[in-house]
Amino acid sequence: MKDILKLSIILPDTRLPKQSMDLIDWCLANQQVELVCLIWTSKKNRKYIHTVEDFTWSSLLFLESLYLKIKKITKKEALQEIKKFAQPQEFTLCHNNESSITQINNLEIDLHLALNLDASISRLKDSSRLGVLCFNNENNFSDQKNPYFFSEVLSKQDKTIFSILQYQPSNELPIVLQQGAFPTHGYFLANQENVLLRQNFYMQKEIEAILQNNFDSLKPFKGAVHNDLPSAPSIANQFKYLFHLLALATKRLGGLFKQVDKWNVGFYLGDWKSLDFKNSICIENPKNHFLADPFVIEEGHKNYCFVEDYDIKKSKGVIRVYEISNKEVRNIGIALEEDFHLSFPYLFKHDSKIYMLPETNNNNDIRLYESIQFPLKWQLVKIIKKNIRAVDSMIFKRDDLWWLFSNINPIGTQDTCSELLLFYTDDLLAGEWLPHGQNPIIIDPSSARNGGIIIEDKSIFRVGQNQTFGTYGGGGFSINKIIDLNKDIYQEEPVLKVKPDFFKNLKGAHHFHSSGNISAFDFLT
């Protein structure tokens, strides 16, 4: 690849979300990118009914944007920002405007970057060396012609899917470069803002891959491509959305007066395959506390269950340990407490030592503790990663390497349920933890977040949480067998899915662990 990438940006002749401007700013700041031109696209003339739809939708979104404090950028503001750093040519692409296409061809552009999927892409893909990179929102159902990221909110879908596509010169079908999903937010503008922000990170990775000669197309896209979506939903769908907003407001108001939901921990005697919930024993929550994230371990012919003990009044968790004998439970005490919140007390053994890898996200690190007097005395032996937003990490050994699962948001925002990253080292305590070549190995809130692990002979099963619409981590869990693992490839397949319906009136479940003799889980009431 030559040193400078000659880029054009295809963008709608309307107000832009801030996240779209952020992507443009990133391109402008990259010294290997030259912004050659801006290609503005406009909608065809719309019928009267569509004008009414646009007006009512704009009014509704204006009120929502005030509530959510979301501001869009005008074309004038965008141009002022762009022209601080570049002086690109401008074209307005209208229907059958072939003269602009000819002029764009003469600019010898390397790549078009489209901020949204538009019918003009098929006309422009042959006018650059690498074609067009664009986003696609795959969840728009063929019978619902709605703006991007709206159908998922209206139909309360658990996740909103995005794809990054490449339309190559002379090829009709696009190529999938990246695909993933994020939890669907309850408000349309919040859902749009979240997906635009998150997918920008992956588009930047694709452009960087081009600059580093690592650009590698993956597979033909087989999903639905919607390149002429309306700017507003139908009047009927707008009314449905208005009722949805009223239901959200009512639910939030009701939440001010209802009792706080609490997590609980249960266990049964047996392995993970039996799922013997009906014969399980529940560990009683201490007053004004709740228990979650159980991990069980056998040591000295005794069985122990380590849990997050969350103090509701202090909004802070510690690690507490219980001894399990047959169906009896004894509170041993607090195993680990820090100045910051602790949870997810993952345990493993190595060289006759016992280690704990609790979640320390509130301290912005991943840290490893060693037991010096089991089960109540632990000492910090290594900070694996610093200055990182990471949750629910787990370590295991396979094929002479140590592997670290961790849920990390690569852009540092609040959602840590969508991406699963993997790291490896050849030395648990002294080695450098290197990123897996496929990172993130999963981009999907229905399974990415860790909810436990099961190691059975030579097989390893990762438990993944399922995030559902309107809930946090309460949609149940899946048990996934790791079938392929090396430094560049990770593949797992689900072998079991558990919904939060194993007790009456459950509100959720998101964790499961088994030592073989005892299996522990949590559930929300």
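Whatever comes next refers back to the structure up there.
Residues numbered from 1 in each chain as written. Predicted model: local features only at pLDDT ≥ 70, side-chain atom pairs only at ≥ 80, totals over all residues. Heavy atoms only, no water.

Peer 1: Is there a simple way to explain the overall build of the chain in this structure?
Peer 2: Summing up its helical and strand segments, the chain has eight helices and 29 strands in all. Its C-alpha atoms give the chain a radius of gyration of 26 Å, within 12% of the compact-globule value 24 Å for 525 residues. Its C-alpha atoms give the chain principal-axis dimensions of about 80 × 50 × 40 Å. The proportion of buried residues among the 525 residues of the chain is 55%. Considering only contacts within the chain whose residues lie at least 6 apart along the sequence, 59% involve residues at least 24 apart. When the accessible area of the chain is evaluated, it comes to approximately 24,600 Å², of which 49% is carbon and sulfur surface. Counting 59 positive and 62 negative side-chain charges, the chain places the averaged centre of each group 5 Å from the other. (Helix = DSSP H or I, 4+ residues; strand = E, 2+ residues; numbered from the N terminus. Rg over C-alpha atoms; globule rule 2.2 N^0.38 Å. Buried < 20%, exposed > 50% of the residue type's maximum accessible area, 1.4 Å probe, protein only. Contact = heavy atoms within 4.5 Å. Areas by Shrake-Rupley, 256 points an atom, 1.4 Å probe, with all protein chains shown as cover. Lys, Arg positive; Asp, Glu negative; His and termini not counted. Charge placed at Lys NZ, Arg CZ, Asp CG, Glu CD.)

Peer 1: Explain the state of the cysteines to me, please; I cannot follow it from the model alone.
Peer 2: Here is the idea: a disulfide is a covalent bond, and it sits between the sulfur atoms of two cysteines. Going through the model one piece at a time under the given rule, you end up with zero disulfides. Take Cys282: it sits in no disulfide, and the sulfur closest to it among the cysteines is that of Cys305, at 12 Å. (Disulfide = S-S within 2.5 Å.)

Peer 1: What exactly am I supposed to notice about helix α7 (residues 188-211) here?
Peer 2: Owing to its 3.6 residues per turn, the α-helix brings residues three or four apart onto one side. The terminal C-alpha atoms of α7, which comprises 24 residues, lie 34 Å apart, in line with the 34 Å expected from a rise of 1.5 Å per residue. For α7, the buried fraction is high: 19 of the 24 residues fall into the buried class. Positive phi appears at Asn213, one or two residues downstream of α7, with a value of about 60°. (Expected span 1.5 Å × (residues − 1).)

Peer 1: Looking at this structure, I do not really get the side chain of Asp365. What am I missing?
Peer 2: Of note, Asp365 is situated in strand β17 (residues 365-373). Polar side-chain contacts of Asp365 include one of 2.7 Å to the side chain of Thr360. In terms of polar contacts, Asp365 uses its side chain to reach the side chain of Arg367, at 3.2 Å. Filtering out sequence-adjacent residues up to four positions away, Asp365 remains in contact with Thr360, Ile383, Lys385, Lys386 and Ile388. (Polar contact = N/O pair within 3.5 Å; in protein donor to acceptor, adjacent residues only side chain to side chain.)

Peer 1: It is not clear to me how helix α1 (residues 18-29) should be interpreted in this structure. Could you clarify?
Peer 2: Taking 1.5 Å of rise per residue, the twelve residues of α1 would be expected to cover 16 Å, and the 16 Å separating its terminal C-alpha atoms lies within 8% of that figure. Buried residues of α1: Gln19, Ser20, Met21, Leu23, Ile24, Trp26, Cys27 and Leu28, and no others. As for α1, its buried residues are in contact with β1 (5-12), β2 (33-41), α3 (75-82), β4 (111-114), β5 (132-137) and α7.

Peer 1: Could you clarify how one ought to interpret the packing of α1 against α3 in this entry?
Peer 2: How two helices pack is summed up by the angle between their axes together with the distance between the axes. At a minimum axis distance of 11 Å, the contact between α1 and α3 shows a crossing angle of 15°. As far as their axial angle goes, α3 and α1 are roughly parallel. α1 and α3 meet at a crossing whose hand is right-handed. Here Met21, Ile24, Asp25 and Leu28 of α1 come into contact with α3, specifically with Ala78, Glu81 and Ile82. Tallied by class, the residues present in the contact of α1 with α3 amount to five nonpolar, no polar and two charged. (Axes fitted to C-alpha atoms, helices over the stretch in contact; angles between N-to-C directions. Parallel < 35°, antiparallel > 145°, perpendicular 65-115°, else oblique. Left-handed = near helix turned anticlockwise from the far one by under 90°. Nonpolar A, V, L, I, M, F, W, Y, C, P; charged D, E, K, R; others polar.)

Peer 1: Hey, could you run me through a nonpolar patch on the surface in this one?
Peer 2: On the surface, a cluster of nonpolar side chains totalling about 420 Å² of accessible area is made up of Phe239, Leu242, Phe243 and Leu246. When you line up the elements, Leu246 lands in helix α8 (residues 235-255). (Patch = residues over 30% accessible without salt bridge, like charges linked within 9 Å, V, L, I, M, F, W, Y side chains within 5 Å. Salt bridge = Lys/Arg side-chain N within 4 Å of Asp/Glu carboxyl O.)

Peer 1: It is not clear to me how the pattern of salt bridges should be interpreted in this structure. Could you clarify?
Peer 2: Per the counting criterion, the structure on display carries 22 salt bridges. When the shortest N-O distance is used, the salt bridge between Lys71 and Glu77 registers 3.6 Å. Taking the relative accessible area as the measure of exposure, Lys71 reaches 57% and is therefore exposed. Since its relative accessible area comes to 33%, Glu77 is described here as partly exposed. Taking the shortest distance from any N to any O, the salt bridge between Lys159 and Asp444 comes out at 3.0 Å. Of this pair, Lys159 sits in strand β6 (residues 159-167) while Asp444 sits in the loop between β23 (442-443) and β24 (450-456), placing them 285 residues apart in sequence. Exposure remark for Lys159: the relative accessible area of 24% places this residue in the partly exposed category.

Peer 1: Before we go on, may I ask you to explain the packing of α1 against α7 in this structure?
Peer 2: At a closest axis distance of 9 Å, the pairing of α1 and α7 adopts a crossing angle of 20°. Judged by the angle between their axes, α1 and α7 are roughly parallel. Between α1 and α7 lies a crossing whose hand is right-handed. Contact with α1, carried on its side by Gln19, Asp22, Leu23, Trp26 and Cys27, involves Glu193, Leu196, Leu197, Asn200, Met203, Gln204, Ile207 and Glu208 of α7 and no other residues of that element. Grouping the amino acids of the contact of α1 with α7 by side-chain chemistry returns seven nonpolar, three polar and three charged.

Peer 1: How should I be thinking about the sheet that holds strand β18 (residues 377-386) in this particular structure?
Peer 2: Pairing between the strands of a sheet comes from backbone hydrogen bonds, and it takes one of two forms, parallel or antiparallel. Strand order in the open sheet made by the four strands is β15-β16-β17-β18, with antiparallel pairing throughout. Strand pairing shows two members of the sheet lacking a second neighbour, β15 (343-350) and β18, which therefore form its edges. On average, each strand axis in the sheet is tilted by 25° relative to the strand beside it, whichever way the strands run. Here strand β16 (residues 353-360) pairs with β17 via four bridges, running antiparallel. Following the sheet pairing, Thr360 is matched in β17 by Asp365. (Pairing = 2+ DSSP bridges.)

Peer 1: What am I meant to see in the packing of aromatic side chains here?
Peer 2: Ring pairs (aromatic) are described by centroid distance and by the angle formed between their planes. Evaluation of the coordinates by the stated rule reveals 33 aromatic pairs. Relative to Tyr202, the ring of Phe201 lies with its centre 5.0 Å away and its plane at 90°, an arrangement referred to as edge-to-face. Using a relative accessible area of 23% as the deciding quantity, one classes Phe201 as partly exposed. Residue class for Tyr202 comes out buried when judged on its relative accessible area of 1%. Between Phe503 and Phe521 the ring centres are 6.2 Å apart and the planes differ by 55°, which places this aromatic pair in the tilted class. Note that Phe503 is positioned in the loop between β27 (490-498) and β28 (508-514) and Phe521 in strand β29 (residues 518-524), a separation of 18 residues in sequence. A residue is classified by how much of its surface remains accessible, and Phe521, at 0% relative accessible area, is buried. One aromatic cluster is present, formed by Tyr268, Phe277, Phe502, Phe503, Phe521 and Phe523 through successive ring pairs. Positioned above the aromatic ring of Phe423 is the side chain of Lys385, whose terminal nitrogen or guanidinium carbon lies 4.4 Å from the ring centre. Positioned above the aromatic ring of Phe405, the side-chain terminus of Arg462 is 6.0 Å from the ring centre. (Phe/Tyr/Trp six-rings, centres within 6.5 Å; stacked < 30°, edge-to-face > 60°. Lys NZ or Arg CZ within 6 Å of the ring centre and 35° of its normal.)

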